[in-house]
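# Analysis of the macromolecular model
For reference, the chains in residue letters:
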Amino acid sequence: MSMPAVRLLPPDRFFDRSQWAAITAASRWRGIWLVAHAWIVSIALVGVAAWSQNPAAWAVAIVFVGGRQLGLAILMHDAAHGLLHPVRKTNNFLGQWLTGAAVGSDLIAYRTYHLQHHKFTQQAEDPDLALSKPFPTTRASLGRKILRDLTGQTFFKQRLAQFGFAIVGLKAMLRGEQAEKGRASTTAGTPFNKQSDDGMTSPPVDLAGAMAVARAVGRFLLVQAVLLAASLALYGWTPYLLWLAGLATTFQLYLRIRNIAEHACTTTGSDDPFTHARTTHAGWLARATVAPYWVNYHSEHHLFMGVPCYRLAEVHAMLGRAGRHDAMTIAPGYAAVLRQVTARG
């Protein structure tokens, strides 16, 4: 039996009309600046580390470039909501080419399934329920997942699966086949946004999905080729290898921790919108790694998904002044979340 969509929270309970219009209006420059910031910091990190020729600097670069790569995924998420830029074409270009393609995601496919996640958050029809359902888990189980992330096993398993589906889609396109008209896949191009015990979740099972994955892989490979060419032209292999190492290791870990923090051990099946997601306080280190670009304000995002990421902290403060923090799931930090979702063993 289909579950009802989650109950929406009327904005006028907390904001007057002028406040709401100001909070939800996408800036013409802030989204562009955030995308530029993610790339500038990433390039600076790998460039300085390569120039230093110091293995310790390489390690530092990998730690923090993974945070900016997660940041690119987060900014693609804002673009999926149409919040990265007020002009739709610009918003989609930023989300498809300058953010999503860098980490192997497809904006349109992500948008389709992600809006389903908002409609049925923490209910049986939520396509992201598999991310929170295994929790609480044991420390040993979480430790094994972290080890797979940091050794590149998750990355390579996901990439092999994604490339396999891309080949299926590419063959279909070369044969001139077409997906069912009007059909939008909710599963295509999303392996890097989702993680399961086997390292791969939500494979595309239809022709539309396989073709979307083929296009997503094409964009990913093109972006990687541009980055590699720039690296070789300016300094050699080292900058690109540091970027790739971050993508294969720390990015995977930060993505997993972010996924856990957002919904693990929150209420499942509740009709109270304040209980569907978790907000996690983040210091500078968390913001540089697992919580870039205000993604830690996830409860606020689910309450008011039309708010750009750079205004979520303002919404958090407004809810506090309205006395609603007690109704929300708020964690003091990411370490506290990991303690909450694991048991001994």
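Scope of this entry: the structure provided in the associated data block. It should be emphasised that the depicted structure is a prediction, and the values quoted were computed from it without experimental measurement.

### Here's the deal with the overall build of the protein
When you go through the protein residue by residue, the secondary structure sums to 15 helices and 4 strands. In the protein, the share of contacts with a sequence separation of at least 24, taken over all contacts with a separation of at least 6, comes to 76%. For the protein, the exposed area adds up to about 15,500 Å²; of that, 64% sits on carbon and sulfur atoms.

### Regarding the nonpolar core
Soluble globular proteins tend to pack their nonpolar side chains together in the buried interior. One finds Trp243, Phe304 and Tyr334 to be the most contacted residues of the largest nonpolar core, which totals 70 residues. The element contributing the most residues to this core is helix 3 (residues 55-80), with 11 residues. Once you skip the residues sitting within four places of it in the chain, Trp243 turns out to touch Trp39, Ser42, Val46, Val65, Gln69, Leu72, Ala102, Gln224 and Leu227.

### Some thoughts on helix 11 (residues 250-263)
Here helix 11 spans 21 Å end to end across 14 residues, near enough to the 20 Å set by a 1.5 Å rise per residue. When you tally the buried positions in helix 11, you get 14 out of 14 residues, the bulk of the element. At the C-terminal side of helix 11, Cys265 shows a positive phi close to 60°.

### Some points on the packing of helix 4 (residues 88-103) against helix 9 (residues 207-234)
Put simply, helix 4 and helix 9 touch, their axes get as near as 8 Å, and they point 95° apart. Viewed along their axes, helix 4 and helix 9 adopt a mutual orientation that is roughly perpendicular. Residue-level contacts link Gln96, Trp97, Ala101, Ala102 and Val103 of helix 4 to Arg219, Phe220, Leu222, Val223 and Gln224 of helix 9. Per-class residue counts for the contact of helix 4 with helix 9 are 7 nonpolar, 2 polar and 1 charged.

### Let's talk about the side chain of His316
Examined against the element boundaries, His316 turns out to sit in helix 14 (residues 312-321). For His316, a relative accessible area of 9% translates into the label buried. Each residue touching His316, except ones within four places of it in the same chain, is listed here: Thr279, His281, Tyr297, Glu300, His325 and Ile330.

### Brief notes about empty space enclosed by the protein
Applying the stated rule across the entire model yields 2 cavities of 30 Å³ or more. Put simply, the largest cavity is a space of about 240 Å³. If you go around the largest cavity, you meet 24 residues; those closest to its centre are His77, Arg258, Glu262, Val295 and His298. Taken together, the elements giving at least two residues each to the lining of the largest cavity come down to helix 3, helix 5 (107-119), helix 6 (129-132), helix 11 and helix 13 (298-303). Here the lining of the largest cavity is built from residues that sort into 11 nonpolar, 9 polar and 4 charged.

### Quick word on the packing of aromatic side chains
Per the counting criterion, the structure on display carries 9 aromatic pairs. For the pair Phe14 and Phe304, a centre-to-centre distance of 6.3 Å together with 80° between the ring planes defines the contact as edge-to-face. Here the residue Phe14 occupies a position in the segment before helix 1 (17-24), and Phe304 occupies one in the loop between helix 13 and helix 14, the gap between them amounting to 290 residues. Like Phe14, the residue Phe304 is buried in the burial classification. A network of ring pairs unites the aromatic residues Phe14, Phe15, Trp20, Phe274 and Phe304 as a single cluster. One residue, Arg68, lies across the ring of Tyr293, its end atom 5.0 Å from the ring centre.

### Quick look at the layout of surface pockets
Here the largest pocket is characterised by a volume of approximately 300 Å³. Among the elements of the structure, helix 2 (30-52), helix 9 and helix 10 (237-248) are those that each provide at least two residues to the lining of the largest pocket. Classifying every residue of the lining of the largest pocket gives 11 nonpolar, 3 polar and no charged.

### Points about unusual backbone geometry
Phe135 connects to Pro136 through a cis peptide bond whose omega is 5°. Along the polypeptide, Pro136 turns up in the loop between helix 6 and strand 1 (137-138). At Cys265, a position not held by glycine, the phi torsion is positive, near 60°. If you trace the backbone, Cys265 turns up in the loop between helix 11 and strand 2 (278-280). Phi angles above zero are rare outside glycine, and Tyr293 is one such case at about 55°. Relative to the helices and strands, Tyr293 resides in the loop between helix 12 (284-288) and helix 13.

### Considering the packing of helix 3 against helix 5
Where helix 3 meets helix 5, the closest approach of the two axes is 9 Å, and the angle between their N-to-C directions is 70°. On the basis of the axis angle, helix 3 is roughly perpendicular to helix 5. Crossing angle aside, the handedness with which helix 3 passes helix 5 is right-handed. Contacts between helix 3 and helix 5 involve Met76, His77, Ala79 and Ala80 from the first element and Leu107, Tyr110, Arg111 and His114 from the second. Here the residues of the contact of helix 3 with helix 5 sort into 5 nonpolar, 2 polar and 1 charged.

Cut-offs used in this document
Residues numbered from 1 in each chain as written. Predicted model: local features only at pLDDT ≥ 70, side-chain atom pairs only at ≥ 80, totals over all residues. Heavy atoms only, no water. Helix = DSSP H or I, 4+ residues; strand = E, 2+ residues; numbered from the N terminus. Contact = heavy atoms within 4.5 Å. Areas by Shrake-Rupley, 256 points an atom, 1.4 Å probe, with all protein chains shown as cover. Core = buried A, V, L, I, M, F, W, Y, C linked by side-chain atoms within 4.5 Å. Buried < 20%, exposed > 50% of the residue type's maximum accessible area, 1.4 Å probe, protein only. Expected span 1.5 Å × (residues − 1). Axes fitted to C-alpha atoms, helices over the stretch in contact; angles between N-to-C directions. Parallel < 35°, antiparallel > 145°, perpendicular 65-115°, else oblique. Nonpolar A, V, L, I, M, F, W, Y, C, P; charged D, E, K, R; others polar. 1 Å grid on protein atoms, 1.4 Å probe; cavity = no way out; pocket = protein on both sides within 12 Å on 5 of 7 lines; lining within 4 Å. Points joined across faces, edges and corners; volume = space filled by probe spheres on them. Phe/Tyr/Trp six-rings, centres within 6.5 Å; stacked < 30°, edge-to-face > 60°. Lys NZ or Arg CZ within 6 Å of the ring centre and 35° of its normal. Left-handed = near helix turned anticlockwise from the far one by under 90°.

Function cannot be inferred from these measures alone, as they are strictly geometric.
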